[in-house]
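# Residue-level structural notes
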Amino acid sequence: MANLALLKRRNAPQPVTPEVRALDVAGEPQLIGASREELAGHLAAVGVPRHQIAMRVAQLWHWLYVRGVDDLSAMTNVAAPVREALAARLPVGSAEMVEDQISTDGTRKWLLRFPAKGAGRPVEVETVYIPEENRGTLCVSSQVGCTLNCTFCHTGTQRMVRNLTAGEIVEQVVFARRRLGDFVGAERAANGPLEGRMISNVVLMGMGEPLYNFDGVKAAMAVVSDGDGLSLSKRRITLSTSGVVPMISRVGDEMGVLLAISLHAVRDELRDVLVPLNRKYPLAQLMDACRNYPGLSNARRITFEYVMLKGVNDSLEDARALVELIKGIPAKINLIPFNSWPGSDYECSDWDQIEAFADIVNRAGYASPVRTPRGQDILAACGQLKSASEKMSARERRANETAAAAAAAE
């Protein structure tokens, strides 16, 4: 096994950051991502009579999430004066596609830019689509950057900029469905599932720690799972966390989605290095939270994600300890061959070692599929996502605020 003291020196983790509330940004409103109640408020604000509001909300919801329309003028059964008043008040959405990359294996990665919020800069995030024969999975980001500094993860090398709004999270799903022709009446893109939707599953496994943006993620998933719109079953939505223990039960109680744990080590000493959040919420606390996860059953298992790092966490002793650690928890284990990125100190485990590790877990009664790396050639694989967005300095922020105030006074 690799020298743990050397790993600690090479990957000295930053202090564990508390829940990121100061970076929540209440941006300009938009139609995509707004709740039904928020849409009703916008309609009331432009003078729609109270007795018409429920009907107009249903119309907007249908156009946004069944038809995937991105222009108010195309919403033909909404009265023209209402469309014009809404268009003057707020946009349908705000995402701008900066880059569209397609891997040799069909994986697609989009770099999306969202407008500045408050005195900040515009920000960019990456969203990844992974097509398979029987399903299509969209990997969605919840933050710009990340605070957790997991030493094997490329996103962890990008400083935290801010949380994404609920609208920005939902818009990643809407944008992807438009690009893939996954709305009613659209021409279906090639290289997707043979039947059913192009996007059948959503995983909150992109940039950021979803539970440090709990309110935004919760509001976004309520829209994504709404049966009259995007209508994605909560059993097809998976939230992955590095182990923000106090928030885990709330995911089950308030979102009802499936849970994945970014585990990667079975001993606190090693996990403290790989996933520095472990120093705040060690393995014993994390496993207790998993055992008490609301709705946990054999039909709603927890997924434990385990990236395979050569000579670090891939011994057969580690495999046996993993089985012991999760004993009694309805679970499956995703073994993830490490996806390299520029500057990383880690290597992927040898394939024979991965198979021997998986065999021990399988014989203990746990499904342990080895995740086939996808999109490596475009840095779209697990742990490779990163954008160029940077956090503004206090001086830059003050200068922007001054400029905005001056513009507003003109």
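Our subject is the structure listed above.
Anyway, here's the lowdown on the structure attached to this text.

A count of helices and strands for the protein chain gives 12 helices and 11 strands. Once local pairs closer than 6 in sequence are excluded, the contacts in the protein chain between residues at least 24 apart make up 68%. Total accessible area on the protein chain stands at roughly 17,900 Å², and carbon and sulfur atoms take up 49% of it.

With that out of the way, let us pick up the pattern of salt bridges. Taken as a whole and judged by the stated rule, the model has 16 salt bridges. The closest approach of N and O atoms between R113 and E124, which form a salt bridge, is 2.6 Å. Of the two residues, R113 sits in strand β2 (residues 108-114) while E124 sits in strand β3 (residues 123-131), which places them 11 residues apart along the sequence. Under the relative-accessibility criterion, R113 is labelled partly exposed at 28%.

This next bit is on the packing of aromatic side chains. Applying the stated criterion across every chain, the model contains four aromatic pairs. Taking 4.9 Å as the distance between ring centres and 70 degrees as the angle between the ring planes, the aromatic pair formed by W61 and Y65 counts as edge-to-face. Taken together, the residues W61 and Y65, both in helix α3 (residues 50-65) and four residues apart, mark about one turn of the helix. Each member of the pair, W61 as well as Y65, is classed as buried. Ring geometry for F338 versus Y346: centroids 6.2 Å apart, planes at 75 degrees, classification edge-to-face. Neither F338 nor Y346 differs from the other in exposure class; each is buried. Above the ring of W61, the side-chain terminus of R36 is found at 4.3 Å from the ring centroid.

Turning our eyes to something else, we now look at the sheet that holds β2. Strand order in the open sheet made by the nine strands is β1-β2-β3-β4-β7-β8-β9-β10-β11, with mixed pairing throughout. Two strands in the sheet have a free side with no partner beyond their single neighbour: β1 (96-102) and β11 (331-337). The mean inter-strand angle of the sheet, taken between neighbouring strand axes irrespective of direction, is 20 degrees. As defined by bridge partners, β2 adjoins β3 across seven bridges and the pair is classed as antiparallel. In the strand pairing of β3, R108 is matched with Y129.

How each quantity is defined
Residues numbered from 1 in each chain as written. Predicted model: local features only at pLDDT ≥ 70, side-chain atom pairs only at ≥ 80, totals over all residues. Heavy atoms only, no water. Helix = DSSP H or I, 4+ residues; strand = E, 2+ residues; numbered from the N terminus. Contact = heavy atoms within 4.5 Å. Areas by Shrake-Rupley, 256 points an atom, 1.4 Å probe, with all protein chains shown as cover. Salt bridge = Lys/Arg side-chain N within 4 Å of Asp/Glu carboxyl O. Buried < 20%, exposed > 50% of the residue type's maximum accessible area, 1.4 Å probe, protein only. Phe/Tyr/Trp six-rings, centres within 6.5 Å; stacked < 30°, edge-to-face > 60°. Lys NZ or Arg CZ within 6 Å of the ring centre and 35° of its normal. Pairing = 2+ DSSP bridges. Axes fitted to C-alpha atoms, helices over the stretch in contact; angles between N-to-C directions.

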